[in-house]
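If you want the building blocks of each chain, they are given just below.
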Amino acid sequence: ILKGYFRSWKLQCAFLFCCPEGVGKLLAAENFAKAANCLEEKEDCCDHCPSCIKIDKRQHPDLHFIGPDEDVIKIEYVRQLKKEIALRPYEARLKFFIINDAHNINAEAANALLKVLEEPIGNCVIILVSAKPSLLFKTIISLCKIVKFAPLKKRELEEVLKKEYFLKEGPAHFLAYFCEGKLGYALKLKER
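By convention here, each chain's residues receive numbers from 1 onward along its written sequence. pLDDT decides what is reported in this predicted model: residues at 70 or higher carry local features, side-chain atom pairs at 80 or more are listed and counted, and totals for whole chains, interfaces and linings draw on all residues regardless. Where side-chain values are given, they derive from all heavy atoms of the structure, hydrogens and water being excluded.

1. Quick notes on the pattern of salt bridges
Opposite charge on two side chains lets them pair, provided their charged atoms get close. We apply this condition: Any Lys or Arg side-chain nitrogen located within 4 Å of an Asp or Glu carboxyl oxygen qualifies as a salt bridge.
By the definition in use, this model includes eleven salt bridges. Close ionic contact of Lys74 with Asp69 constitutes a salt bridge, the shortest N to O distance being 3.6 Å. Several salt bridges share partner residues, and in doing so they unite Arg155, Glu158, Glu159, Lys162 and Glu169 into one network.

2. Notes on helix 2 (residues 25–37)
Heads up, the rule is: The way it works is that DSSP assigns letters per residue, a run of H or I at least four long becomes a helix, a run of E at least two long becomes a strand, and they are numbered from the N terminus. Expected helix span is computed as 1.5 Å times (number of residues minus one). The rule is simple: take the accessible area with a 1.4 Å probe, protein chains only, and divide by the maximum for that residue type; under 20% is buried, over 50% is exposed, in between is partly exposed.
Here helix 2 contains 13 residues, and its C-alpha end-to-end distance of 19 Å stays within 8% of the 18 Å for a straight helix at 1.5 Å per residue. For helix 2, the tally of buried residues reaches ten of 13 residues, placing the bulk of the element in the interior. Those residues of helix 2 not exposed but buried are Lys25, Ala28, Ala29, Glu30, Phe32, Ala33, Lys34, Ala35, Ala36 and Asn37.

3. Examining the packing of aromatic side chains
Keep this limit in mind: Two aromatic rings, drawn from Phe, Tyr or Trp (for Trp, its six-membered ring), form a pair once their centres lie within 6.5 Å of each other, and the interplanar angle then sorts them: stacked below 30 degrees, edge-to-face above 60, tilted otherwise. Distance and angle both matter: a charge sits over a ring if NZ of Lys or CZ of Arg is within 6 Å of the ring centre and within 35 degrees of the ring normal.
As enumerated under the stated definition, the model contains six aromatic pairs in all. Both rings, one in Phe15 and one in Phe17, keep their centres 6.2 Å apart while their planes meet at 70 degrees; by these two values the pair is edge-to-face. Look at Phe32 and Phe96: their rings are 5.7 Å apart centre to centre, the planes differ by 80 degrees, and that puts the pair in the edge-to-face class. Of the two residues, Phe32 is situated in helix 2 and Phe96 in strand 3 (residues 95–99); the sequence distance between them amounts to 64 residues. Every member of this aromatic cluster is reached through a ring pair, and the members are Phe15, Phe17, Phe32, Phe96 and Phe149. Just above the ring of Phe65 sits the side chain of Arg58; from NZ or CZ to the centre is 3.8 Å.

4. Focus on unusual backbone geometry
For Asp47, which is not glycine, the phi dihedral falls at a positive 70 degrees. Mapped onto the fold, Asp47 is located in the loop between helix 2 and helix 3 (50–56). For Asp71, which is not glycine, the phi torsion reads 65 degrees and is therefore positive. The topology assignment puts Asp71 in the loop between strand 2 (63–66) and helix 4 (75–85).

5. Let's talk about the environment of Ala109
The condition that has to hold: Here a residue-residue contact requires only that any non-hydrogen atoms of the pair lie within 4.5 Å.
By secondary structure assignment, the location of Ala109 is in helix 5 (residues 107–118). A relative accessible area of 0% means that Ala109 is categorised as buried. For the pair Ala109 and Ile140, spaced 31 residues apart in the sequence, the C-alpha separation amounts to 11 Å. Sequence-distant contacts of Ala109, that is, excluding residues within four places in its chain, are made with Ile73, Lys74, Ile75 and Val78.

6. Some remarks on the side chain of Ser130
Rules: In protein, a polar contact requires one atom able to donate a hydrogen and another able to accept it; more generally it is a pair of N or O atoms within 3.5 Å, and residues adjacent in sequence count only if both atoms are side-chain atoms.
Along the chain, the position of Ser130 falls in strand 4 (residues 124–130). In terms of polar contacts, Ser130 uses its side chain to reach the side chain of His103, at 2.8 Å. Discounting chain neighbours no more than four positions away, the residues touching Ser130 are Leu16, Phe17, Cys18, Cys19, Lys25, Ala102 and His103.

The values reported here are purely geometric and, on their own, carry no functional implication.
Spelled out as structure tokens, the structure:
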């Protein structure tokens, strides 16, 4: 679905990435930002150009992360987002604003975000990431392109863990089945 947006270069200004916890919504949002701004200019990110490296390290000037502070996304964060959207991208083709755990937005901030989404946004993409989209205002959801994710098949997750995270067969197999195809959970347990 996301590659289709690159092919037509019709990136809607707002997306809602939703699925159960631990499936990889935030990772997908980061990779979407990398692919859109990769200097190799392909449909996917190269992971080695300066833009991809900066995004991986969360040091890119045109990538902004917003998340809950004490389990709440406050209006100050949305006001800052509105100021940043008004500015042109510093070095990227598109500025990305990733709002993690968007369902934790308070009512005041949600109303401010709604106003941002209703206005035309130039070279910016806003991605709301949520495991509980039903807690968001329906008007916010209606202004977003909804992208639903599902857990990987256990065999697929096992292969990802072996190829991309260099786990041996035994631990990769265990994590893939124990985490029921949820990459985020597998990566958290891998670190322990």
